Amino acid sequence: MPGFLETSDKADIQPDEADPEALRIHIDTAGRTEYSFDFICKYLDSREVKVNLVDAEKNDRTVDESRETVQHLIEDYMRHIHECAQSLHELTHG
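Residues numbered from 1 in each chain as written. Predicted model: local features only at pLDDT ≥ 70, side-chain atom pairs only at ≥ 80, totals over all residues. Heavy atoms only, no water.

With 17 residues, the main nonpolar core has Phe37, Phe39, Val70 and Tyr77 as its most contacted residues. Only strand S2 (19-28), strand S3 (35-43), strand S4 (49-58) and helix H1 (68-87) provide two or more residues apiece to this core. Per-element tally for this core: the top contributor is H1, with six residues. Contact partners of Phe37, with chain neighbours within four places excluded, come to Ile25, His26, Ile27, Thr29, Leu53, Asp55, Ala56, Val70, Leu73, Ile74 and Tyr77. (Core = buried A, V, L, I, M, F, W, Y, C linked by side-chain atoms within 4.5 Å. Buried < 20%, exposed > 50% of the residue type's maximum accessible area, 1.4 Å probe, protein only. Helix = DSSP H or I, 4+ residues; strand = E, 2+ residues; numbered from the N terminus. Contact = heavy atoms within 4.5 Å.)

Dropping the structure here:
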C-alpha cells in the first residue's frame, strides 16, 4: 500500500473482525491536515474489490464527508486502494 500513497501518508491494514473476507484500512494523511480515514475493502470477484468509507476524521473528530476537500481525499484514497488491489491480483488470486 505505501507505494500507492504519498510518501508521508501512513496506512495500517488489518483483518476485519466482523468479516473474515474483508480488510480494514486506516490512512493518516500527510502534512498538517491531520485527516484520517477508515475503509473496508473486500473482493467482489477475482478481479474487483469493493471499497467503502467507514469514517473520516480530523484531529480525532468526525468531519463532514460532503465537503469538497474531504470528498477529493476520499476519492483519491479509494482509487489508490483499487490500484493496490489490482497490483496484488496475481498474489491474491494466482
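Here the focus is the pattern of salt bridges. This model, assessed by the stated rule, comprises four salt bridges. Between Asp19 and Lys42 there is a salt bridge, and its shortest N-O distance comes to 2.9 Å. Of the two residues, Asp19 is situated in strand S2 and Lys42 in strand S3; the sequence distance between them amounts to 23 residues. Taking the relative accessible area as the measure of exposure, Lys42 reaches 30% and is therefore partly exposed. Measuring nitrogen to oxygen at the nearest pair gives 3.3 Å for the salt bridge that ties Arg79 to Glu83. Note that Arg79 and Glu83 are positioned in helix H1 at a spacing of four residues, about one turn of the helix. Using a relative accessible area of 29% as the deciding quantity, one classes Glu83 as partly exposed. Look at the salt bridges and you will find they share partners, linking Asp76, Arg79 and Glu83 into a network. (Salt bridge = Lys/Arg side-chain N within 4 Å of Asp/Glu carboxyl O.)

Further remarks concern the pairing of S2. Pairing analysis gives seven bridges linking strand S1 (residues 10-16) to S2, with the strands arranged antiparallel. Directly across from Asp12, in S2, lies its bridge partner His26. Joining the antiparallel neighbours S1 and S2 is a turn of two residues. Two strands pair when backbone bridges link them, and S2 and S3 are joined in this way by seven bridges, in the antiparallel orientation. (Pairing = 2+ DSSP bridges.)

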